Amino acid sequence: MIPDYLIKSTQLFVVGLDIEGWISTTGLKFEEEFMLFKKEYINKPFISFLDPSEEGLFEFLLSDLLETPNKSKQVFLSFSNQKKINWEFSILKSDEGDIEGILGIGQEVVVSKESHDSVERFFGQAGIKINTTEDVYIKLNSNWELTAINDPAQRYFNKCSNSLLNKTIWQVYPSKKIHQFALEFKKAREGQDIISFEEYRGDINRWYKVFLINHEEELHALLQDITDEHLKRLESEQANITLQQILDQAEESHFLIDLELNVIGFNENAKKLVKCHFKKNLKQGDDFLPYLMNGMEEQFLKDLENVFAGKSISYEKEIKHSRTGEELWFEHKFSPLFNADKKVIGFVYSNKNIVEKKQEYKRVEEKNKVLREVAYIQSHMLRSPLSSMLGLLDLIDKKQLDAENTKYFSYLKPLAQELDMVIRENARKVNEFD
């Protein structure tokens, strides 16, 4: 059903396909393009000759063609050898009107590097870096009709060029939320400023950054896929939120300090500490040194070199409240911050009010002191007379005692010995505790 002059053409690429896109007929130029192509292997899918990135576009075109069999479809497709071909596909029908196959006629496109360069130069002048092989570019006239598109735009809109050109942006825009962006398009049309916003394509789960520039009655639109960047940003934000939650739940006051000794982060306790001791509102970018507690400056400057060398330092120190003069105990910690290359980029200063801890320690010490005194009394002041009593018991002449006193006497010495054992055991426990 394909005319012989098309089959033998040396200027046009010609293929006959079945309705599933498998090759049934090839023209001379197509065969010359793929010298390894042989007639006995003619039953191959057309997409096997395309660049892998174009397969989805061709499959969409095939589906679109079969849905509207009375209309031809045009599309730019790249062969696997990187040649770009402008194809027109149409349905082949029998005399009875039955679909017999698909005819594809293509002509090589000499890609104008100058046009790519001009687009890159245009956006470059606006400070926007563009990659014309990946970024979606479209141009709109004053009637909002698409007058120019690039290859990524065909993939983005999931339509071939003849289904896009001369259609309004409102007709072909794939997002159902186009009405939300209409105001941005109109603002760009009416002004000279660069308009930018982010949009999410739920159907393909991708994020895009959209740039709109109005120039000489034409609106230039650039869409850059920022999905990876967006996900990293979300992960970073989530990590920061989680870290902040952890910091805010901590008992300590935490300050994150950079190498220039500026505050780059803090938790709620740090904020309260600065408010209480210095009557100031802590904020990012503040100089950290003024927030050191009384008497700490000299110690801090001594330790700073070790902290920047990657060492952690902690100690307890008594300080005086800067306003009330009250003596307070704080535990101080300096922990270096490292980047992915294990290079120190700052440090975390943490402090914690340990007055209650010190008071509890003091109470325990006082209790221990009392216990030691009790142990001493038992060991020396009680045991000494008790030993004398045991000695005197041994001197009593039992023969001088009547039967009843002898019975009572037999109870006395074992009780004294038992008391001696109790005193010895208490002294041993206290000594082991020390």
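Attention in this report is confined to the structure presented alongside it.

About the cut-offs
- Residues numbered from 1 in each chain as written.
- Predicted model: local features only at pLDDT ≥ 70, side-chain atom pairs only at ≥ 80, totals over all residues.
- Heavy atoms only, no water.
- Pairing = 2+ DSSP bridges.
- Helix = DSSP H or I, 4+ residues; strand = E, 2+ residues; numbered from the N terminus.
- Axes fitted to C-alpha atoms, helices over the stretch in contact; angles between N-to-C directions.
- Contact = heavy atoms within 4.5 Å.
- Phe/Tyr/Trp six-rings, centres within 6.5 Å; stacked < 30°, edge-to-face > 60°.
- Buried < 20%, exposed > 50% of the residue type's maximum accessible area, 1.4 Å probe, protein only.
- Core = buried A, V, L, I, M, F, W, Y, C linked by side-chain atoms within 4.5 Å.
- Salt bridge = Lys/Arg side-chain N within 4 Å of Asp/Glu carboxyl O.
- Patch = residues over 30% accessible without salt bridge, like charges linked within 9 Å, V, L, I, M, F, W, Y side chains within 5 Å.
- Areas by Shrake-Rupley, 256 points an atom, 1.4 Å probe, with all protein chains shown as cover.

1. Let's talk about the sheet that holds strand β6 (residues 136-140)
Strand order in the open sheet formed by 5 strands is β7-β6-β10-β9-β8, with antiparallel pairing between adjacent strands. The open sheet has two edge strands, β7 (146-149) and β8 (195-201), and neither has a second partner. Along the sheet, successive strands turn relative to each other by an average axial angle of 25 degrees, direction set aside. Here β6 runs beside β7; their pairing, made up of 3 bridges, is antiparallel. Bridge pairing links Leu-140 to Leu-146 in β7.

2. A few points about unusual backbone geometry
Leave glycine aside and you will find that most residues have negative phi; peptide bonds, for their part, are mostly trans. The phi torsion at Glu-216 lies on the positive side, around 50 degrees, for a residue other than glycine. Among the secondary structure elements, Glu-216 is positioned in the loop between β9 (206-215) and β10 (218-225). The phi angle at Leu-261 is positive, at roughly 65 degrees, despite the residue not being glycine. Looking at the secondary structure, you find Leu-261 in the loop between β11 (253-258) and β12 (263-266).

3. What about the sheet that holds strand β15 (residues 344-353)?
Overall, antiparallel pairing links the 5 strands, which are arranged β12-β11-β15-β14-β13 in an open sheet. The outermost strands of the open sheet, each flanked by one partner alone, are β12 and β13 (313-320). Strand-to-strand twist of the sheet, defined as the mean angle between neighbouring strand axes without regard to direction, takes the value 25 degrees. Both β11 and β15 contribute to a ladder of 6 bridges, which runs antiparallel. Each bridged residue has a counterpart across the sheet, and for Phe-255 the counterpart in β15 is Tyr-349. On the sheet, helix α9 (residues 268-278) packs against β11, β12, β14 (327-338) and β15 and is oriented at approximately 95 degrees with respect to β11. Most of the contacts of helix α10 (residues 297-308) go to β15, to which it runs at about 135 degrees, and overall it touches β13, β14 and β15.

4. Quick look at the packing of aromatic side chains
Taken as a whole, this structure holds 32 aromatic pairs when the rule is applied. An angle of 65 degrees between the planes, with centres 6.5 Å apart, marks the rings of Phe-185 and Phe-197 as edge-to-face. With Phe-185 in helix α7 (residues 178-190) and Phe-197 in strand β8, this residue pair connects regions lying 12 residues apart in the sequence. Judged by relative accessible area, Phe-185 falls into the buried class, the value being 1%. Measuring from centroid to centroid gives 5.6 Å for Phe-300 and Phe-334, while their planes differ by 40 degrees, and the two rings are tilted. Taken as a pair, Phe-300 in helix α10 and Phe-334 in strand β14 lie far apart in primary sequence, 34 residues in all. A single burial state applies to Phe-300 and to Phe-334, both of which are buried.

5. Details of the nonpolar core
In a soluble, globular protein the nonpolar side chains are often hidden away together inside. Phe-255, Leu-282, Phe-288, Met-296, Phe-300, Phe-334 and Phe-347 are the most contacted members of the largest nonpolar core, which has 26 residues in total. Looking at this core, the elements that each hand over two or more residues are β11, β12, α9, α10, β13, β14 and β15. Considering every element that reaches this core, the biggest residue donor is α9, with 4 residues. In contact with Phe-334, not counting residues within four places along its chain, are Met-296, Phe-300, Val-307, Lys-311, Ser-312, Ile-313, Tyr-315, Phe-347, Val-348 and Tyr-349.

6. Observations regarding the pattern of salt bridges
Per the counting criterion, the structure on display carries 8 salt bridges. Residue Arg-206 pairs with Asp-225 through a salt bridge whose shortest N-O separation is 3.1 Å. One end of the pair, Arg-206, is in strand β9; the other, Asp-225, is in strand β10, with 19 residues separating them in the sequence.

7. Considering a nonpolar patch on the surface
Residues Ile-19, Leu-66 and Ile-99 make up a contiguous nonpolar surface patch of roughly 230 Å² in combined accessible area. Relative to the assigned elements, Leu-66 resides in helix α3 (residues 55-67).

8. Side note on the pairing of strand β5 (residues 99-108)
The sheet contact formed by strand β1 (residues 13-17) and β5 spans 5 bridges and is antiparallel. Paired with Phe-13 across the bridge in β5 is Gly-106. Two strands pair when backbone bridges link them, and strand β4 (residues 84-93) and β5 are joined in this way by 9 bridges, in the antiparallel orientation. Bridge pairing links Asn-86 to Gln-107 in β5. Between β4 and β5, which pair antiparallel in sequence order, lie 5 residues; one of them, Gly-97, sits at a positive phi of approximately 95 degrees.

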